[in-house]
Structures are given as structure tokens and as C-alpha cells.
Amino acid sequence: HSTNESTMSTEVTRFRYICKEMNASPEFIDIVGKKLLGLRDKSVDSVTANASSLNLKAIVDFMAGAFIRCTRNSDIILLALDDVQWMDEMSWKVVQAIFERGKNVLIICGSRPPSTNPLSVDSSFWASLQREYKDNHRFSEIDLNPFNILDVKEMIANSLDLKVTEVDCNFAQNVFNTSGGMPHFLSYMLDSIKRNNLTARLENGLVGLKSSTGKEKTEFESVNELLLYRLDSLDASVRSVLHLAAVMGTEFELLDAALAYEGVFCVKETEKLEAAMALRDSLDLAVQEGIIEELFVGGEENNNDEEVLEEDYDHGASLGDVYFALTGRKSHPLYADNRRYRFTHDSWRTSILSCMLHERRCDLHEHIAIALESYCADESEQENNIERQIRILKHWTSSGNFVRSANISLKIGGQLMLLGLNSQGIMLFDDSLSILKEQGMDSREESHGGICISILNTINVPELDRLIKLNVARGKAFSTLGMSKQSTISYQNALDILNNTICADSEDFDRSVSFPIFSGLFVVLKMGAIEQDEECTFEKHLISKFVEQARLNGDPVHYGRALAMQGETFGRLGNFEQAFQSLEKIKKIYNIKSHH
């Protein structure tokens, strides 16, 4: 067993122990453990059907309680969180609960200025931090300013083993102007200067930059130019690997990168080992260059290895030889040596992405999504791992594949809604919708549901199907949150798209997809989100549209139900003649004797 596998098994065991100690319901093991934390435990039967019994508060309380329980015997715990401007609402609630309930926790959060990068933290909690918690010395806010020229000069001296008085002022000013006084960028510049021996003793006796030559550049207008210069000095094969890594994200696994690499460069089965070694060598070189760093070394996570090996032995044993018939990811040369990497700073990743064509990035995102999905196909437990599914979703969304992105959004968004995470579900739906909304966004042409008419005229039936389903799911999530106005807009967008898309008239289009639109609009109508005139014109028009869609669908059951709903509506509004007309239509398609 690898060290990582043993650690994973220990994590599952500890998680079960914590659940038992905290008297957590079985649902937490399945939903919090498997879906949110990605732990795999075959000893526990799936209880996803009971997911609706959980709510956001229960999950937050459990996560915070588990953290406090695991750290209660320590004198002090330092919880350091960087870039919290990207942290989601639920994570903030967990941090808030730990802050309010923890007795031995020091929390340090790093963020860009909240004035320009708003935090998703609860407004009342933020207000409490600024007032009573600050007054009680439990919260303090520190603004970190860039280095001034004197600080830069001192850092140059420390990095190059010089005295401050030996550093040339022009040298210090150049470094200061290029780095903007930002410590991290400054360290990159000084590392590059030291690595490439770009300094020399000047005529004035001070140390400064060498004069730039055709082969070697010593002065840069920006940090981005410096980073690109260092990237250009690398071999083309290493740069190609870094392109793939940058598209994968700030953090990535070696095995995922290898699978994507094989898809991008069409690696043959017989060449997998050679390609895997070349990929690892390129990444090792990037580590030496300080572009990426290795987070851990160890085999692929699998706490069910005993069952896997036993099963593989049964299917793979032969007379005379004993071997393991491993398949999928387990058969890959890097499976046992999988490791995780991350970029040392986002500026590296940003610089790499900036020099890539949009089409190339989309192509790489698609190959990465396919590679990650192959993992889920090999490991059935990963199909319900929300964290991994969201990673796949991000790549399909970035690749521009609307249908594949929408499929995962609807699946994961639905699971999040069951957990009470409706806001998070809406974010996923919006990400998928943005694929079509961003196309033609600069034009001033007519649009429906936020999508240009030229796009609606070219989409196919599967895309229309997902487009309607995403808006309907978005409407349901807003309705559950009690945000009836936003819910109404989502349902109206779906109806507007349906009425203005050419392929909606296709025989291949399943009109039953549109039925939830009308159900949703009737719900928000009852919630008072839609104002009506005295004649209730909107409601009458809506029910007529519903009946027409049901008729075009061709299913007599749906059509009969729509007519019954129309009759009830007209009768309730006092239009009895029209109600009787609906009843007569029902009689023509529905016969009590033959249908019962």
C-alpha cells in the first residue's frame, strides 16, 4: 500500500469516528463525506435519498464542530486562508462558525482590497467584526502597502549578499519601477537577476545591472515581460507542458495532466511510458525554475485498494504467471507515482495564458475535461464527488461546449439544491448560460433571455433543451430562496427563448421540456411576484400558451391535464363559458370508460 492510500484510509476512519462522536446522522457520512469532502467509504450504504433532510445550517454546524473537535487539545491553532475574495458563501459561514465557537483558533485571512474585491461574507457578521469584535480586540484589519524604494534597496542587498550602500540607485529604481514594490514580484525579479548573473560592478564602484545585449536582456518594463522572458528561455517541450498546466488550473494532479497530454498529442498506447516520463521531467524542470511547486508525492488516492487488488487478481490471474489486469487510470505508468502541483504564484499562470490563442485554450480545456471524466468512468464513487464534478464542469464551460457544460450543471446544481445550497446551484447554472450569453454580446442586435437572436437562430434542439432546463432550474432555485422577482425573470427568459428560437418548431424538440416553465410562472404568480390587471390577462394568456404547448406535444395525457387546468382557471375567474369549452375539448380526448 502506498503512504497516500494509508493516509486516505485513516482519513475515512477518522471521519467516521468524528461523525459517531458528534452523533451525526448517517446522511453526513454520505453527503458531507463523499460528496463535499471526496472521501470514499464502501462500508456505508448510500443515503442520498435522504439528502433533503439536510440543510445549509446543519452542514455548516457539523463542519465547524468537526474542526473544533479535532483541534480542541491543541494550545493554539492557526487557520491561514489566502485570496479569500474568491471564497464562496458557505465557506465563509464555516469560518464564521469556527470564529464564534472556537476557543483556541487564530484566523488569518489574506485578501485583495475588499473595496474593489467584495467578499461573500455575511453582511451582519462583517458589521460585527468591524464593531464589537474590533472593540474587544478579537478582530483587526491590516493594510499591507507595497515596498518603498528604500525597502527595495534593502531587499536587493539581502538577496545579493551586499551592503545597502553598495547598491546602485538606478539599479534599485529600475527594480522598483518594474515590480511596483510588490514583494512577490520583487522576489521574482531578484531571483531571475541572481540566477542569470545579470549584475556587475559599475565604474562608480557600486553594483548595478549589466548592459543589455542582443542575447541577454537585463531591464524589463513589467513583471509580465520578465516572466515571459524566463518562459521563452525554456525548451519548447517544457513550454507546451506549462501551457497545459496553466489551462488545468492553479493546482493540478500529475496523472490528470498525463491523461490530458496523451489526448492533446495523440500518444499511442506503446508510447505512453515514454510520454509520461517526458511529462514528469518537464514538470520537474518547471519546479527547479520556481514556476510550479510540488505539494505532495504519493500514489493515487484509493482506500479500497485491498478490494481492488483482490478483484483484479481474480480476473487477471493466469496459469504460470500471476499479474494484475489493471484498467483505466490504474493501468497508467504514473498511477503509483501520482502527485499534485501548483503554480507558485498566479502571475505565472496568467502570463502563460496571455500568450495562448483562445482557440488553443478551448481545445486544451476539452481534452482536460475528457481526461477527468475518464476518471469518473473508472471510479464509480467519483460520479457523486461534487468537487471533482465541478472541476470537470469548469473545463467544459471554458471549452465552450454548452451541452456538456449544461448537463453537469443541471446534475450538480440539482444535488446542491437538495442540500439547500441554492445560491451555489444558481452560480453553476449562470456559468453554463454564460457560454451562449457571451457570444455576440458586443452587438446591439435583438436579444431574448439575454441571448442574441443570431445565436438563437443557430442553436440546435439539444442546446435549446438545455437552455430551457437551465433557466427553469435557476427559477426554481430563486423561488426556494424566496426571491420571487428573480425567479419570475428566469421563467420569463425560458418562455421568451422558447417563443423566439427556430428549432423549437422542429419535430425532434420535446415540448414537455417547456411544461415546468408554466408551472413555475403559476407559482410565482401566486406568490404575488407578477402584477395583473382586473381581467387577469396575464394568467389567461399563460394558460392558453400552456395548452398550446401541450397540444403540440401530442401526448393526450398532458393535453388533457392542461385543458383541465385551463377550465379550472377560467371557472375561478368567472369565465364559465370558456371553462365549458375546455371541458368539451377534454371529452373528445378523454373517455372515462376506456381510460380507467
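Before going into details, it helps to say that this report is about the structure given with it. (Residues numbered from 1 in each chain as written. Predicted model: local features only at pLDDT ≥ 70, side-chain atom pairs only at ≥ 80, totals over all residues. Heavy atoms only, no water.)

What the protein contains, in helices and strands, is 26 helices and nine strands. Expressed as a percentage of its 596 residues, the buried residues of the protein come to 44%. Counting only contacts in the protein whose residues sit at least 6 apart along the sequence, the fraction spanning at least 24 positions is 67%. Summed over all atoms, the accessible surface of the protein reaches about 31,700 Å², with 51% contributed by carbon and sulfur. (Helix = DSSP H or I, 4+ residues; strand = E, 2+ residues; numbered from the N terminus. Buried < 20%, exposed > 50% of the residue type's maximum accessible area, 1.4 Å probe, protein only. Contact = heavy atoms within 4.5 Å. Areas by Shrake-Rupley, 256 points an atom, 1.4 Å probe, with all protein chains shown as cover.)

Moving on to the packing of aromatic side chains. Applying the stated criterion across every chain, the model contains nine aromatic pairs. Centre to centre, the rings of Tyr261 and Phe265 are 4.7 Å apart; their planes meet at 50°, and the pair counts as tilted. For Phe265, a relative accessible area of 37% puts it in the partly exposed group. Each residue in the set Phe99, Phe125 and Tyr133 is aromatic and connected to the rest through ring pairs, giving one cluster. Here the basic side chain of Arg138 rests over the ring of Phe99, its NZ or CZ set 4.2 Å away from the ring centre. (Phe/Tyr/Trp six-rings, centres within 6.5 Å; stacked < 30°, edge-to-face > 60°. Lys NZ or Arg CZ within 6 Å of the ring centre and 35° of its normal.)

Overall, the coordinates contain 24 salt bridges when judged by the stated rule. The salt bridge partner of Arg69 is Glu21, with a shortest N-O separation of 2.3 Å. One end of the pair, Arg69, is in helix α3 (residues 56-71); the other, Glu21, is in helix α1 (residues 3-21), with 48 residues separating them in the sequence. Overall, the relative accessible area of 17% leaves Arg69 in the buried class. For Glu289, the salt bridge goes to Arg230, with nearest N and O atoms at 3.7 Å. Of this pair, Glu289 sits in the loop between α12 (272-288) and β6 (292-297) while Arg230 sits in helix α9 (residues 223-232), and the two are 59 residues apart along the sequence. The pair formed by Glu289 and Arg230 is uniform in burial state, with each residue classed as buried. Taken together, the shared-partner salt bridges connect Glu251, Glu253, Asp256, Arg340, Arg388 and Arg391 into one network. (Salt bridge = Lys/Arg side-chain N within 4 Å of Asp/Glu carboxyl O.)

Another point: the nonpolar core. Of all hydrophobic cores here, the largest spans 61 residues; its most connected members are Leu242, Phe252, Leu279, Leu283, Ile291, Ile292 and Phe343. If we skip the residues at most four places from it in the chain, Ile292 touches Phe252, Leu283, Ala286, Val287, Tyr341, Arg342, Phe343 and Thr344. Within the second largest apolar cluster, 46 residues are counted, among which are Ala406, Phe429, Cys452 and Ile586. (Core = buried A, V, L, I, M, F, W, Y, C linked by side-chain atoms within 4.5 Å.)

So, about the environment of Ile107. By the element assignment, Ile107 lies in strand β2 (residues 105-109). Among all residues touching Ile107, those that are not within four sequence positions of it are Leu79, Val95, Ile98 and Phe99.

Tracing the backbone shows Ile497 in helix α21 (residues 484-499). When its relative accessible area of 1% is taken as the criterion, Ile497 is described as buried. As for Ile497 and Gly450, which are separated by 47 residues in sequence, their C-alpha atoms are 9.0 Å apart. Ile497 has contacts with His448, Gly449, Ile451, Leu456, Leu464, Leu467 and Asn471, leaving out every residue within four places of it along the chain.

Attention now goes to the packing of helix α17 (residues 402-418) against helix α18 (residues 422-437). Put simply, α17 and α18 touch, their axes get as near as 8 Å, and they point 170° apart. What the angle tells us is that α17 and α18 run roughly antiparallel. When α17 is examined against α18, the residues Phe402, Ser405, Ala406, Ser409, Leu410, Ile412, Gly413, Gly414, Leu416 and Met417 are found in contact with a partner set consisting of Asn422, Gln424, Gly425, Leu428, Phe429, Ser432, Leu433, Ile435 and Leu436. Class assignment of the residues belonging to the contact of α17 with α18 gives a composition of 11 nonpolar, eight polar and no charged. (Axes fitted to C-alpha atoms, helices over the stretch in contact; angles between N-to-C directions. Parallel < 35°, antiparallel > 145°, perpendicular 65-115°, else oblique. Nonpolar A, V, L, I, M, F, W, Y, C, P; charged D, E, K, R; others polar.)

On to the side chain of Asn422, then. Looking at where Asn422 falls in the secondary structure, it is placed in helix α18. Among all residues touching Asn422, those that are not within four sequence positions of it are Leu416, Met417, Ala477, Thr480 and Leu481.

In this structure, strand β1 (residues 77-81) lies alongside β2, joined through five bridges in parallel fashion. In the strand pairing of β2, Leu81 is matched with Cys109. Between the parallel elements β1 and β2, the chain passes through helix α4 (residues 89-101) in a crossover that is right-handed. (Pairing = 2+ DSSP bridges. Right-handed = clockwise from strand over helix to strand, strands pointing away.)

End to end, helix α8 (residues 183-195) covers 18 Å across 13 residues, agreeing with the expected 18 Å (1.5 Å per residue, within 8%). Those residues of α8 not exposed but buried are Leu186, Tyr188, Met189, Leu190, Ser192 and Ile193. The secondary structure elements touched by the buried residues of α8 are α6 (149-159), α7 (169-179), β3 (199-201), β4 (207-209), α9 and α14 (346-354). Asn197, located one to two residues past α8, shows a positive phi value of around 50°. (Expected span 1.5 Å × (residues − 1).)

What follows is about the packing of helix α22 (residues 515-526) against helix α23 (residues 537-553). The geometry of α22 relative to α23 is characterised by a closest axis approach of 10 Å and an angle of 160° between their N-to-C directions. Between α22 and α23, the angle falls in the class roughly antiparallel. As α22 packs across α23, the resulting crossing turns out to be left-handed. Contact residues: α22 offers Phe515, Phe518, Leu521, Phe522 and Leu525, while α23 offers Phe538, Glu539, Leu542, Ile543, Lys545, Phe546, Gln549, Ala550 and Asn553. Grouping the constituent residues of the contact of α22 with α23 by class yields 10 nonpolar, two polar and two charged. (Left-handed = near helix turned anticlockwise from the far one by under 90°.)

Our next topic: a nonpolar patch on the surface. Among the surface-exposed residues, Ile76, Leu78, Leu106 and Ile108 lie close enough to one another that they form a single nonpolar patch of about 400 Å² accessible area. Looking at where Ile108 falls in the secondary structure, it is placed in strand β2. Judged by its relative accessible area of 44%, Ile108 is partly exposed. (Patch = residues over 30% accessible without salt bridge, like charges linked within 9 Å, V, L, I, M, F, W, Y side chains within 5 Å.)

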